[in-house]
Amino acid sequence: MLETIYEALRNGSAMVFYYLSSHTLTCLVPAFFIAGAITAFIKKEAIIKYLGPDVKKRISYPLASVSGAILAVCSCTILPIFAGLYKKGSGVGPATAFLYSGPAINILAIVYTASELGYQIGLARVLASVGMAFIIAFLMSSIFRADDEEISHQNSGDIHEKENSERPSLIKSVFFGSLVAILIIGASGSIAWIPKLIIISTLTLLLLTVIKYYYKKREVKDWGLETWYLTKMIFPILIVGTFIVGIIEFYIPAETFRPYLGTSSLSSSFLGSIVGALLYMPTLLEVPIVGTTFGYQEGVMGEAPALSLLLAGPSLSLPNMVVLFKVMKLKHWLVYICFVIIFSTSMGFVYGIVV
Amino acid sequence: MKKIEILGSGCAKCRKLEKNVKRAVKKLDVEAEIVKVEDITEISARGVMTTPALAIDGEIKAKGKVLDTAQIIKILRG
(Lines give C-alpha, C1' and ligand atoms only; values in the text may rest on other atoms or scores of the structure.)
Protein backbone atom coordinates (compact mmCIF):
# COMPACT_ATOMS: atom_id res chain seq x y z
CA MET A 1 0.00 0.00 0.00
CA LEU A 2 2.66 2.44 1.13
CA GLU A 3 4.72 1.48 -1.85
CA THR A 4 2.02 2.28 -4.37
CA ILE A 5 1.47 5.65 -2.75
CA TYR A 6 5.16 6.31 -3.03
CA GLU A 7 5.11 5.26 -6.68
CA ALA A 8 2.10 7.47 -7.37
CA LEU A 9 3.79 10.48 -5.80
CA ARG A 10 6.91 9.77 -7.81
CA ASN A 11 4.85 9.64 -10.96
CA GLY A 12 3.36 12.99 -10.00
CA SER A 13 6.70 14.70 -9.59
CA ALA A 14 8.06 13.08 -12.75
CA MET A 15 5.11 14.61 -14.55
CA VAL A 16 5.90 18.07 -13.19
CA PHE A 17 9.47 17.78 -14.43
CA TYR A 18 8.28 16.49 -17.77
CA TYR A 19 5.81 19.30 -18.39
CA LEU A 20 8.08 21.99 -17.06
CA SER A 21 11.28 20.76 -18.63
CA SER A 22 13.86 23.19 -19.90
CA HIS A 23 12.45 23.42 -23.42
CA THR A 24 9.05 24.32 -22.02
CA LEU A 25 10.49 26.97 -19.79
CA THR A 26 12.34 28.60 -22.67
CA CYS A 27 8.92 29.02 -24.27
CA LEU A 28 6.89 29.86 -21.21
CA VAL A 29 9.20 32.39 -19.57
CA PRO A 30 9.29 34.77 -22.56
CA ALA A 31 5.55 34.17 -23.04
CA PHE A 32 4.89 35.33 -19.48
CA PHE A 33 6.95 38.47 -20.12
CA ILE A 34 5.01 39.17 -23.31
CA ALA A 35 1.72 38.61 -21.51
CA GLY A 36 2.86 40.98 -18.76
CA ALA A 37 3.84 43.60 -21.32
CA ILE A 38 0.46 43.27 -23.02
CA THR A 39 -1.33 43.87 -19.74
CA ALA A 40 0.90 46.77 -18.75
CA PHE A 41 1.25 48.64 -22.04
CA ILE A 42 -1.85 48.06 -24.13
CA LYS A 43 -4.80 50.23 -23.31
CA LYS A 44 -7.69 47.83 -22.88
CA GLU A 45 -10.30 50.55 -22.88
CA ALA A 46 -9.20 51.70 -26.31
CA ILE A 47 -9.83 48.28 -27.80
CA ILE A 48 -13.09 47.76 -25.94
CA LYS A 49 -14.38 50.94 -27.52
CA TYR A 50 -14.16 49.26 -30.92
CA LEU A 51 -16.45 46.47 -29.76
CA GLY A 52 -19.25 48.85 -28.93
CA PRO A 53 -22.68 49.21 -30.54
CA ASP A 54 -21.81 52.16 -32.75
CA VAL A 55 -18.99 50.38 -34.51
CA LYS A 56 -19.65 48.72 -37.85
CA LYS A 57 -20.22 44.99 -37.60
CA ARG A 58 -17.49 44.14 -40.05
CA ILE A 59 -15.04 45.69 -37.61
CA SER A 60 -16.51 44.70 -34.25
CA TYR A 61 -17.09 41.00 -35.03
CA PRO A 62 -13.63 40.06 -36.30
CA LEU A 63 -12.04 42.24 -33.64
CA ALA A 64 -14.06 40.59 -30.88
CA SER A 65 -13.03 37.17 -32.19
CA VAL A 66 -9.32 37.92 -31.98
CA SER A 67 -9.07 40.50 -29.24
CA GLY A 68 -8.91 37.82 -26.56
CA ALA A 69 -5.27 37.47 -27.51
CA ILE A 70 -4.65 41.02 -26.35
CA LEU A 71 -7.33 41.74 -23.78
CA ALA A 72 -7.48 38.63 -21.72
CA VAL A 73 -4.27 37.11 -20.64
CA CYS A 74 -5.86 35.40 -17.70
CA SER A 75 -9.34 33.99 -17.58
CA CYS A 76 -10.39 36.14 -14.63
CA THR A 77 -10.21 39.24 -16.80
CA ILE A 78 -12.63 37.78 -19.32
CA LEU A 79 -15.83 37.73 -17.30
CA PRO A 80 -15.85 41.41 -16.27
CA ILE A 81 -15.19 42.51 -19.85
CA PHE A 82 -17.80 40.10 -21.14
CA ALA A 83 -20.39 41.26 -18.61
CA GLY A 84 -19.63 44.85 -19.54
CA LEU A 85 -19.96 44.24 -23.27
CA TYR A 86 -23.09 42.18 -22.83
CA LYS A 87 -24.91 44.58 -20.55
CA LYS A 88 -23.78 47.88 -21.94
CA GLY A 89 -24.87 47.59 -25.46
CA SER A 90 -22.30 46.00 -27.71
CA GLY A 91 -24.87 43.29 -28.18
CA VAL A 92 -24.86 39.60 -27.78
CA GLY A 93 -22.69 39.01 -30.87
CA PRO A 94 -19.32 40.62 -30.09
CA ALA A 95 -19.77 39.83 -26.40
CA THR A 96 -20.07 36.09 -26.98
CA ALA A 97 -17.30 36.10 -29.61
CA PHE A 98 -15.01 37.58 -27.01
CA LEU A 99 -16.27 35.27 -24.27
CA TYR A 100 -15.61 32.21 -26.36
CA SER A 101 -12.27 32.92 -27.96
CA GLY A 102 -10.67 34.86 -25.11
CA PRO A 103 -9.43 31.99 -22.97
CA ALA A 104 -8.46 29.88 -25.95
CA ILE A 105 -6.22 32.24 -27.86
CA ASN A 106 -4.17 33.99 -25.23
CA ILE A 107 -0.46 33.85 -25.85
CA LEU A 108 0.32 31.53 -22.95
CA ALA A 109 -2.21 28.91 -24.06
CA ILE A 110 -1.02 29.01 -27.68
CA VAL A 111 2.64 28.69 -26.76
CA TYR A 112 2.08 25.91 -24.26
CA THR A 113 -0.20 23.86 -26.53
CA ALA A 114 2.20 24.12 -29.44
CA SER A 115 5.27 23.26 -27.38
CA GLU A 116 3.77 20.25 -25.60
CA LEU A 117 1.20 18.79 -27.96
CA GLY A 118 2.71 19.83 -31.28
CA TYR A 119 2.58 22.78 -33.63
CA GLN A 120 -0.14 21.29 -35.77
CA ILE A 121 -2.78 20.98 -33.07
CA GLY A 122 -1.61 24.28 -31.56
CA LEU A 123 -2.30 26.05 -34.84
CA ALA A 124 -5.57 24.19 -35.34
CA ARG A 125 -6.64 25.31 -31.88
CA VAL A 126 -6.01 28.98 -32.65
CA LEU A 127 -7.67 28.96 -36.06
CA ALA A 128 -10.68 26.92 -34.97
CA SER A 129 -11.19 29.11 -31.89
CA VAL A 130 -11.23 32.31 -33.89
CA GLY A 131 -13.45 30.77 -36.56
CA MET A 132 -15.87 29.39 -33.99
CA ALA A 133 -16.01 32.69 -32.12
CA PHE A 134 -17.00 34.40 -35.33
CA ILE A 135 -19.64 31.83 -36.29
CA ILE A 136 -21.16 31.64 -32.80
CA ALA A 137 -21.29 35.43 -32.58
CA PHE A 138 -22.95 35.70 -35.95
CA LEU A 139 -25.56 33.03 -35.19
CA MET A 140 -26.30 34.35 -31.70
CA SER A 141 -26.91 37.87 -32.95
CA SER A 142 -29.04 36.64 -35.85
CA ILE A 143 -31.24 34.56 -33.54
CA PHE A 144 -31.51 37.18 -30.84
CA ARG A 145 -31.65 40.30 -32.96
CA ALA A 146 -34.76 41.57 -31.16
CA ASP A 147 -33.04 41.34 -27.77
CA ASP A 148 -30.16 43.47 -28.93
CA GLU A 149 -32.44 46.34 -29.70
CA GLU A 150 -33.86 46.51 -26.23
CA ILE A 151 -30.47 46.56 -24.52
CA SER A 152 -29.93 50.08 -23.34
CA HIS A 153 -27.37 52.09 -25.17
CA GLN A 154 -26.44 53.97 -22.11
CA ASN A 155 -23.01 55.34 -21.66
CA SER A 156 -20.84 53.14 -19.52
CA GLY A 157 -19.43 56.15 -17.74
CA ASP A 158 -15.89 55.58 -18.82
CA ILE A 159 -13.23 57.44 -17.05
CA HIS A 160 -10.45 58.42 -19.34
CA GLU A 161 -7.30 58.03 -17.43
CA LYS A 162 -4.26 59.94 -18.42
CA GLU A 163 -2.62 58.19 -21.35
CA ASN A 164 0.88 56.87 -21.10
CA SER A 165 3.50 59.06 -22.67
CA GLU A 166 3.12 58.39 -26.36
CA ARG A 167 5.97 56.49 -27.92
CA PRO A 168 6.67 56.33 -31.64
CA SER A 169 5.06 53.21 -33.09
CA LEU A 170 8.46 52.10 -34.36
CA ILE A 171 9.65 51.83 -30.77
CA LYS A 172 6.57 49.89 -29.73
CA SER A 173 7.08 47.54 -32.66
CA VAL A 174 10.73 47.00 -31.79
CA PHE A 175 9.77 46.34 -28.18
CA PHE A 176 7.09 43.72 -28.88
CA GLY A 177 8.93 42.42 -31.96
CA SER A 178 12.10 41.60 -30.09
CA LEU A 179 10.12 39.93 -27.29
CA VAL A 180 8.29 37.73 -29.77
CA ALA A 181 11.53 36.99 -31.64
CA ILE A 182 13.18 35.85 -28.41
CA LEU A 183 10.24 33.55 -27.82
CA ILE A 184 10.27 32.02 -31.30
CA ILE A 185 14.03 31.64 -31.61
CA GLY A 186 14.29 30.25 -28.09
CA ALA A 187 11.64 27.67 -28.88
CA SER A 188 12.98 26.73 -32.28
CA GLY A 189 14.52 23.28 -32.46
CA SER A 190 16.38 23.80 -35.71
CA ILE A 191 18.97 26.30 -34.50
CA ALA A 192 22.14 25.05 -32.79
CA TRP A 193 22.60 26.43 -29.30
CA ILE A 194 25.66 28.63 -29.95
CA PRO A 195 24.08 30.78 -32.70
CA LYS A 196 20.87 30.66 -30.70
CA LEU A 197 22.61 32.08 -27.67
CA ILE A 198 24.23 34.81 -29.76
CA ILE A 199 20.96 35.83 -31.41
CA ILE A 200 19.08 35.83 -28.14
CA SER A 201 21.71 37.90 -26.34
CA THR A 202 21.70 40.42 -29.20
CA LEU A 203 17.92 40.67 -29.07
CA THR A 204 17.96 41.03 -25.31
CA LEU A 205 20.51 43.81 -25.63
CA LEU A 206 18.31 45.54 -28.20
CA LEU A 207 15.34 45.18 -25.90
CA LEU A 208 17.22 46.61 -22.93
CA THR A 209 18.42 49.57 -25.00
CA VAL A 210 14.87 50.38 -26.09
CA ILE A 211 13.65 50.08 -22.51
CA LYS A 212 16.44 52.30 -21.20
CA TYR A 213 15.84 55.15 -23.62
CA TYR A 214 12.13 55.03 -24.27
CA TYR A 215 10.41 53.58 -21.24
CA LYS A 216 10.04 55.26 -17.87
CA LYS A 217 11.19 53.52 -14.75
CA ARG A 218 7.61 53.47 -13.51
CA GLU A 219 6.45 51.68 -16.67
CA VAL A 220 9.14 49.06 -16.47
CA LYS A 221 8.10 48.46 -12.87
CA ASP A 222 4.47 48.05 -13.99
CA TRP A 223 5.58 45.53 -16.58
CA GLY A 224 7.55 43.57 -14.02
CA LEU A 225 4.65 43.61 -11.59
CA GLU A 226 2.13 42.43 -14.21
CA THR A 227 4.44 39.60 -15.22
CA TRP A 228 4.83 38.66 -11.60
CA TYR A 229 1.07 38.70 -10.88
CA LEU A 230 0.47 36.41 -13.82
CA THR A 231 3.23 34.04 -12.78
CA LYS A 232 1.96 33.97 -9.22
CA MET A 233 -1.56 33.32 -10.39
CA ILE A 234 -0.88 30.63 -12.98
CA PHE A 235 2.31 28.83 -12.06
CA PRO A 236 1.54 27.33 -8.63
CA ILE A 237 -1.77 25.96 -9.88
CA LEU A 238 -0.10 24.57 -12.98
CA ILE A 239 2.53 22.78 -10.90
CA VAL A 240 0.06 21.34 -8.38
CA GLY A 241 -2.34 20.44 -11.19
CA THR A 242 0.34 18.68 -13.21
CA PHE A 243 1.37 16.78 -10.08
CA ILE A 244 -2.22 15.60 -9.64
CA VAL A 245 -2.37 14.67 -13.34
CA GLY A 246 0.66 12.46 -12.69
CA ILE A 247 -0.97 10.78 -9.70
CA ILE A 248 -4.21 10.20 -11.59
CA GLU A 249 -2.28 8.69 -14.48
CA PHE A 250 -0.73 6.21 -12.05
CA TYR A 251 -4.11 4.95 -10.87
CA ILE A 252 -6.12 5.44 -14.07
CA PRO A 253 -3.85 4.97 -17.08
CA ALA A 254 -4.86 6.72 -20.28
CA GLU A 255 -5.56 3.32 -21.84
CA THR A 256 -8.81 3.29 -19.82
CA PHE A 257 -10.18 6.01 -22.06
CA ARG A 258 -9.08 4.46 -25.35
CA PRO A 259 -12.44 2.80 -26.10
CA TYR A 260 -14.19 6.16 -25.72
CA LEU A 261 -11.72 8.75 -26.99
CA GLY A 262 -9.29 6.63 -28.97
CA THR A 263 -10.60 7.22 -32.47
CA SER A 264 -11.54 10.29 -34.44
CA SER A 265 -15.19 9.28 -34.78
CA LEU A 266 -18.04 11.69 -34.39
CA SER A 267 -19.05 10.15 -31.06
CA SER A 268 -15.60 10.51 -29.52
CA SER A 269 -15.42 14.12 -30.74
CA PHE A 270 -18.76 14.70 -29.06
CA LEU A 271 -17.56 13.06 -25.86
CA GLY A 272 -14.38 15.14 -26.01
CA SER A 273 -16.32 18.36 -26.20
CA ILE A 274 -18.73 17.35 -23.42
CA VAL A 275 -15.81 16.50 -21.13
CA GLY A 276 -14.20 19.81 -22.04
CA ALA A 277 -17.39 21.75 -21.41
CA LEU A 278 -17.97 20.33 -17.95
CA LEU A 279 -14.49 19.86 -16.54
CA TYR A 280 -12.92 22.82 -14.80
CA MET A 281 -9.36 23.19 -16.02
CA PRO A 282 -7.23 26.00 -14.61
CA THR A 283 -5.32 28.07 -17.19
CA LEU A 284 -2.82 25.93 -19.11
CA LEU A 285 -3.71 22.73 -17.29
CA GLU A 286 -5.80 21.62 -20.26
CA VAL A 287 -2.51 20.74 -21.93
CA PRO A 288 -1.31 18.06 -19.46
CA ILE A 289 -4.89 16.82 -19.14
CA VAL A 290 -5.15 16.18 -22.88
CA GLY A 291 -1.52 15.11 -23.18
CA THR A 292 -1.33 12.70 -20.27
CA THR A 293 -4.67 11.99 -18.57
CA PHE A 294 -6.29 11.15 -21.90
CA GLY A 295 -3.00 10.08 -23.45
CA TYR A 296 -2.78 12.28 -26.54
CA GLN A 297 1.00 12.29 -26.36
CA GLU A 298 1.19 8.50 -26.39
CA GLY A 299 -1.23 8.33 -29.28
CA VAL A 300 -4.04 6.93 -27.11
CA MET A 301 -6.40 9.83 -27.66
CA GLY A 302 -7.54 10.54 -31.20
CA GLU A 303 -6.81 13.84 -32.95
CA ALA A 304 -10.47 14.75 -33.23
CA PRO A 305 -11.53 14.37 -29.57
CA ALA A 306 -8.30 16.10 -28.48
CA LEU A 307 -9.11 19.20 -30.50
CA SER A 308 -12.78 19.08 -29.47
CA LEU A 309 -11.75 19.00 -25.83
CA LEU A 310 -9.31 21.88 -26.30
CA LEU A 311 -12.00 23.91 -28.07
CA ALA A 312 -14.77 23.44 -25.52
CA GLY A 313 -12.51 23.22 -22.47
CA PRO A 314 -11.10 26.61 -21.55
CA SER A 315 -14.27 28.51 -22.49
CA LEU A 316 -16.72 26.41 -20.53
CA SER A 317 -16.70 24.60 -17.22
CA LEU A 318 -19.27 23.94 -14.53
CA PRO A 319 -18.21 26.84 -12.27
CA ASN A 320 -18.00 29.16 -15.25
CA MET A 321 -21.51 28.15 -16.38
CA VAL A 322 -22.83 29.17 -12.97
CA VAL A 323 -21.32 32.65 -13.26
CA LEU A 324 -22.55 33.04 -16.84
CA PHE A 325 -26.01 31.96 -15.73
CA LYS A 326 -26.14 34.95 -13.41
CA VAL A 327 -25.05 37.37 -16.12
CA MET A 328 -26.85 36.08 -19.22
CA LYS A 329 -30.49 35.67 -20.11
CA LEU A 330 -31.56 32.05 -19.83
CA LYS A 331 -32.15 31.51 -23.55
CA HIS A 332 -28.86 33.14 -24.49
CA TRP A 333 -27.11 30.98 -21.96
CA LEU A 334 -28.63 27.74 -23.23
CA VAL A 335 -28.02 28.51 -26.88
CA TYR A 336 -24.44 29.60 -26.22
CA ILE A 337 -23.58 26.38 -24.40
CA CYS A 338 -25.21 24.26 -27.11
CA PHE A 339 -23.34 26.11 -29.84
CA VAL A 340 -20.00 25.67 -28.10
CA ILE A 341 -20.59 21.93 -27.78
CA ILE A 342 -21.92 21.49 -31.32
CA PHE A 343 -19.14 23.47 -32.98
CA SER A 344 -16.36 22.02 -30.85
CA THR A 345 -17.55 18.58 -31.86
CA SER A 346 -17.75 19.35 -35.55
CA MET A 347 -14.47 21.30 -35.73
CA GLY A 348 -12.68 18.43 -33.97
CA PHE A 349 -14.33 15.89 -36.24
CA VAL A 350 -13.31 17.77 -39.39
CA TYR A 351 -9.77 18.16 -38.08
CA GLY A 352 -9.66 14.40 -37.47
CA ILE A 353 -10.58 13.78 -41.10
CA VAL A 354 -8.06 16.27 -42.44
CA VAL A 355 -4.99 15.06 -40.55
CA MET B 1 -15.94 58.61 7.02
CA LYS B 2 -14.96 57.56 3.56
CA LYS B 3 -16.23 54.46 1.89
CA ILE B 4 -13.56 52.78 -0.19
CA GLU B 5 -14.58 49.97 -2.50
CA ILE B 6 -12.38 47.52 -4.31
CA LEU B 7 -14.09 45.97 -7.30
CA GLY B 8 -12.70 42.72 -8.63
CA SER B 9 -13.38 39.02 -8.71
CA GLY B 10 -10.69 38.19 -6.20
CA CYS B 11 -7.59 37.68 -8.32
CA ALA B 12 -4.03 38.37 -7.24
CA LYS B 13 -4.19 41.97 -8.46
CA CYS B 14 -7.32 42.74 -6.46
CA ARG B 15 -5.69 41.50 -3.29
CA LYS B 16 -2.64 43.62 -4.00
CA LEU B 17 -4.81 46.70 -4.46
CA GLU B 18 -6.59 45.97 -1.20
CA LYS B 19 -3.27 45.75 0.59
CA ASN B 20 -2.17 49.08 -0.86
CA VAL B 21 -5.47 50.71 0.13
CA LYS B 22 -5.11 49.51 3.71
CA ARG B 23 -1.59 50.86 3.83
CA ALA B 24 -2.69 54.22 2.45
CA VAL B 25 -5.53 54.51 4.96
CA LYS B 26 -3.17 53.72 7.79
CA LYS B 27 -0.61 56.25 6.62
CA LEU B 28 -3.17 59.02 6.28
CA ASP B 29 -4.82 57.99 9.52
CA VAL B 30 -8.31 58.61 8.14
CA GLU B 31 -11.43 56.77 9.08
CA ALA B 32 -12.52 54.61 6.21
CA GLU B 33 -14.64 51.61 5.55
CA ILE B 34 -13.04 49.24 3.06
CA VAL B 35 -15.48 47.09 1.11
CA LYS B 36 -14.73 44.40 -1.43
CA VAL B 37 -17.18 44.06 -4.31
CA GLU B 38 -16.75 40.62 -5.84
CA ASP B 39 -20.09 40.06 -7.54
CA ILE B 40 -19.65 40.18 -11.28
CA THR B 41 -23.13 41.55 -11.95
CA GLU B 42 -22.59 44.43 -9.61
CA ILE B 43 -19.13 45.14 -10.98
CA SER B 44 -20.47 45.43 -14.51
CA ALA B 45 -23.45 47.47 -13.34
CA ARG B 46 -20.96 50.01 -12.05
CA GLY B 47 -19.47 50.34 -15.52
CA VAL B 48 -16.25 48.54 -14.70
CA MET B 49 -14.84 46.13 -17.26
CA THR B 50 -11.22 45.99 -16.30
CA THR B 51 -10.53 44.91 -12.77
CA PRO B 52 -9.38 45.72 -10.18
CA ALA B 53 -11.15 49.03 -9.81
CA LEU B 54 -11.17 51.50 -6.95
CA ALA B 55 -14.20 53.53 -5.90
CA ILE B 56 -14.33 56.18 -3.23
CA ASP B 57 -17.71 57.19 -1.83
CA GLY B 58 -19.34 55.46 -4.78
CA GLU B 59 -17.32 57.15 -7.47
CA ILE B 60 -14.97 55.06 -9.62
CA LYS B 61 -11.50 56.55 -9.36
CA ALA B 62 -9.41 54.01 -11.25
CA LYS B 63 -9.86 50.78 -13.09
CA GLY B 64 -7.79 48.00 -14.57
CA LYS B 65 -4.82 49.05 -12.52
CA VAL B 66 -3.15 48.27 -9.24
CA LEU B 67 -2.50 51.71 -7.83
CA ASP B 68 0.39 51.98 -5.44
CA THR B 69 0.11 53.44 -1.96
CA ALA B 70 1.31 56.91 -2.99
CA GLN B 71 -1.28 57.14 -5.78
CA ILE B 72 -4.06 56.07 -3.44
CA ILE B 73 -3.02 58.65 -0.85
CA LYS B 74 -3.15 61.31 -3.54
CA ILE B 75 -6.69 60.28 -4.50
CA LEU B 76 -7.83 60.11 -0.89
CA ARG B 77 -6.56 63.59 -0.21
CA GLY B 78 -8.51 64.69 -3.30
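In the block above lies the structure referred to throughout.
The following refers to the structure shown. Note that this is a predicted model, so its numbers are computed, not measured. (Residues numbered from 1 in each chain as written. Chains lettered and ligands numbered in written order. Predicted model: local features only at pLDDT ≥ 70, side-chain atom pairs only at ≥ 80, totals over all residues. Heavy atoms only, no water.)

### Re the pairing of strand S4 (residues 59-63) of chain B
All names here are of chain B.
Here is step 1: One ladder, built from 4 bridges, connects strand S3 (residues 53-56) with S4; its direction is antiparallel. Paired with Ala55 across the bridge in S4 is Ile60.
Here is step 2: Adjacent in sequence and paired antiparallel, S3 and S4 are bridged by 2 residues, among which Asp57 carries a positive phi angle near 50°. (Pairing = 2+ DSSP bridges. Helix = DSSP H or I, 4+ residues; strand = E, 2+ residues; numbered from the N terminus.)

### Notes on the sheet that holds S4(B)
Residues and elements named next belong to chain B.
Here is step 1: Strand order in the open sheet formed by 4 strands is S2-S1-S3-S4, and the pairing between neighbours is mixed. The open sheet terminates on both sides in strands that have one partner only, identified here as strand S2 (32-37) and S4. Put simply, the sheet's adjacent strands are angled 20° from each other on average, direction ignored.
Here is step 2: With respect to the sheet, helix H1 (residues 12-28) is in contact with strand S1 (2-7), S2 and S3, its orientation differing from that of S1 by roughly 160°. (Axes fitted to C-alpha atoms, helices over the stretch in contact; angles between N-to-C directions. Contact = heavy atoms within 4.5 Å.)

### Regarding a positive patch on the surface
Here is step 1: A cluster of like positive charges, contributed by Lys232(A), Arg15(B), Lys19(B), Arg23(B) and Lys27(B), occupies part of the molecular surface.
Here is step 2: It is H1(B) that contributes the most residues to the positive patch, 4 residues altogether.
Here is step 3: Take Lys27(B): it is sitting in helix H1. (Patch = residues over 30% accessible without salt bridge, like charges linked within 9 Å, V, L, I, M, F, W, Y side chains within 5 Å. Areas by Shrake-Rupley, 256 points an atom, 1.4 Å probe, with all protein chains shown as cover. Salt bridge = Lys/Arg side-chain N within 4 Å of Asp/Glu carboxyl O. Lys, Arg positive; Asp, Glu negative; His and termini not counted. Charge placed at Lys NZ, Arg CZ, Asp CG, Glu CD.)

### Observations concerning the packing of aromatic side chains
All names here are of chain A.
Here is step 1: Here the structure, examined in full by the defined rule, presents 15 aromatic pairs over all chains.
Here is step 2: Considering the side-chain rings of Phe41 and Phe175, the 5.4 Å spacing of their centres and the 75° angle between planes classify their relative orientation as edge-to-face. Note that Phe41 is positioned in helix H2 (residues 22-41) and Phe175 in helix H11 (residues 169-187), a separation of 134 residues in sequence. Accessibility classification places Phe41 together with Phe175 in one group, the buried group.
Here is step 3: Relative to Tyr251, the ring of Phe250 has its centre 5.2 Å away and its plane inclined at 90°; by these criteria the two rings are edge-to-face.
Here is step 4: For Phe250, a relative accessible area of 31% translates into the label partly exposed.
Here is step 5: The class for Tyr251 is partly exposed, based on a relative accessible area of 48%.
Here is step 6: Three or more aromatic residues joined by ring pairs form one cluster here, namely Phe33, Phe41, Phe175, Phe176, Tyr215 and Trp223. (Phe/Tyr/Trp six-rings, centres within 6.5 Å; stacked < 30°, edge-to-face > 60°. Buried < 20%, exposed > 50% of the residue type's maximum accessible area, 1.4 Å probe, protein only.)

### Some remarks on the packing of helix H8 (residues 107-117) of chain A against helix H9 (residues 119-143) of chain A
All names here are of chain A.
Here is step 1: Between H8 and H9, the shortest axis-to-axis distance is 6 Å and the interhelical angle comes to 150°. Comparing their axes, H9 and H8 come out roughly antiparallel. Residue-level contacts link Ala109, Ile110, Thr113, Ala114 and Leu117 of H8 to Tyr119, Ile121, Gly122, Arg125 and Val126 of H9.
Here is step 2: Of the residues in the contact of H8 with H9, the class split is 7 nonpolar, 2 polar and 1 charged. (Parallel < 35°, antiparallel > 145°, perpendicular 65-115°, else oblique. Nonpolar A, V, L, I, M, F, W, Y, C, P; charged D, E, K, R; others polar.)

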